[in-house]
Amino acid sequence: MGHEVRIKNVTMRFGNTTAVSNLDVHIKAGEFFSFLGPSGCGKTTLLKLISGFLDPTEGRIEINNQDMQGVGPNKRPTAMIFQNLALFPLMTVEENIAFGLEVRGVGKIQRRKKVEDLLDLVDLPHTRQKKVTSLSGGQKQRVAIARALAVEPSVLLLDEPLSALDLKLRKHMRVELRQIQQKTGVTFIYITHDQGEALTMSDRVGVISEGGRLEQVGRPTQIYNDPQTPFVASFVGENNIFQAKIIGQRNGRFLADTPMGTLECVAPAGFEPENFKPGQAATAFVRPETIRLVNGSGVQENQVECLVISQRFEGAFMTMELETKGDTIIHIRQSNNGHEPILKPGENTFISFGADNTLLLATPCDHQTKEPLCPN
Ligand code: ATP
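Not measured: the values here are computed from a predicted model. (Residues numbered from 1 in each chain as written. Predicted model: local features only at pLDDT ≥ 70, side-chain atom pairs only at ≥ 80, totals over all residues. Heavy atoms only, no water.)

Draft legend 1. Layout of the pairing of strand 4 (residues 58-63). In terms of strand pairing, strand 1 (residues 5-14) meets strand 4 through 5 bridges, oriented antiparallel. Bridge pairing in strand 4 places Val5 opposite Ile63. The pairing of strand 4 with strand 5 (residues 66-67) spans 2 bridges and is classified as antiparallel. Across the sheet, Ile63 pairs through a bridge with Gln66, a residue of strand 5. Two successive antiparallel strands, strand 4 and strand 5, enclose a turn made up of 2 residues, where Asn64 displays a positive phi of approximately 55°. (Pairing = 2+ DSSP bridges. Helix = DSSP H or I, 4+ residues; strand = E, 2+ residues; numbered from the N terminus.)

Draft legend 2. Spatial organisation of the pattern of salt bridges. Per the stated rule, a full pass over the model turns up 21 salt bridges. A salt bridge links Glu62 to Arg60; the nearest nitrogen and oxygen atoms lie 3.0 Å apart. A relative accessible area of 35% means that Arg60 is categorised as partly exposed. Each of the salt bridges in this network shares a partner with another, and the network as a whole consists of Arg250, Arg253, Glu264, Glu301 and Asp356. (Salt bridge = Lys/Arg side-chain N within 4 Å of Asp/Glu carboxyl O. Buried < 20%, exposed > 50% of the residue type's maximum accessible area, 1.4 Å probe, protein only.)

Draft legend 3. Representation of unusual backbone geometry in the model. Non-glycine residue Glu152 carries a positive phi angle of around 50°. Topologically, Glu152 is positioned in the loop between helix 4 (137-150) and strand 7 (155-159). The exposed category is assigned to Glu152, whose relative accessible area is 56%. If you check the backbone angles, Glu160 has positive phi at about 45° while not being a glycine. The topology assignment puts Glu160 in the loop between strand 7 and helix 5 (167-184).

Structure below.
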């Protein structure tokens, strides 16, 4: 069974570089937890801290309520799967999986039994005697998982292990990894820059920004539907981002002036009222898939007149770029179900998006780039 992992106010500095900033999170026993963030934000450093290859500059890590300070990597109840898998190319599948058991002095008969059980678990029967070099990418992936699980870790650390696979196999392996985690009950801590991976596999996701700052922790649906910070709103999924200024409230919603007129918006759960006073600068976020084309008659929420600039066919959906009278560019995404109106560049249309889908965060955004000015 998996152990809980508490990362307590951990900071990691390399000279002048802060790779992890005062990060505090409690990962539950048996949880599939992913850290999601852009390249260089400190994800690998975090895994090395948990596995004991690095010691934190400040703070501490506890596994199963035990302080890991001074406990070396081979004494921790963790195992790691690396991006490049690090399999032994000259060994067979069995020798690779049994390696850690042999080092621990486990007898031959027990090793054989364990290897067979693990090959069943990762759905790789009849490969025991094969050289790992003769296996496909997905099969090597499974051997790496079996090898890591052979030593019965309570916490499995996974450093972007699917990144070398093609998209189809990657999607398939997401499902398999999740099933293996559920069958074994081991705590999985997964790091990735791929939001698709993090959102589909995880019980909870921790989003990290540059400098190893933990922006938000939540279930995948919370991260996507209720981003709490501008970084999460712009990094996870796509969003239209508008400069806004709060002008008041109506029926529990905020009214904000934007370059395309006044919009009705909602604040994030647990917002601080003092940050949402009239006159304050803010940023509004609207996801492309929540915007509908409307005919302009009747009064719709957040209705805006636009000119179609371009449209792009993307298989299951169509994306459209529109421009408002206030010269604001808006992207919308329509399902390709045959029921949505098809518009041509140069045509005028109206769009509407619900106030509930218009998120207002109390942080100004840059006038030119529309990037939120994230507080540091
Ligand atoms: P990627 O997704 O590209 O692998 P990451 O999110 O895993 O990136 P880290 O590898 O943890 O990021 O690096 C975080 C920061 O710490 C980077 O600025 C990196 O240059 C720096 N860093 C990491 N390890 C060291 C080290 N041993 N010495 C000095 N700086 C380091």
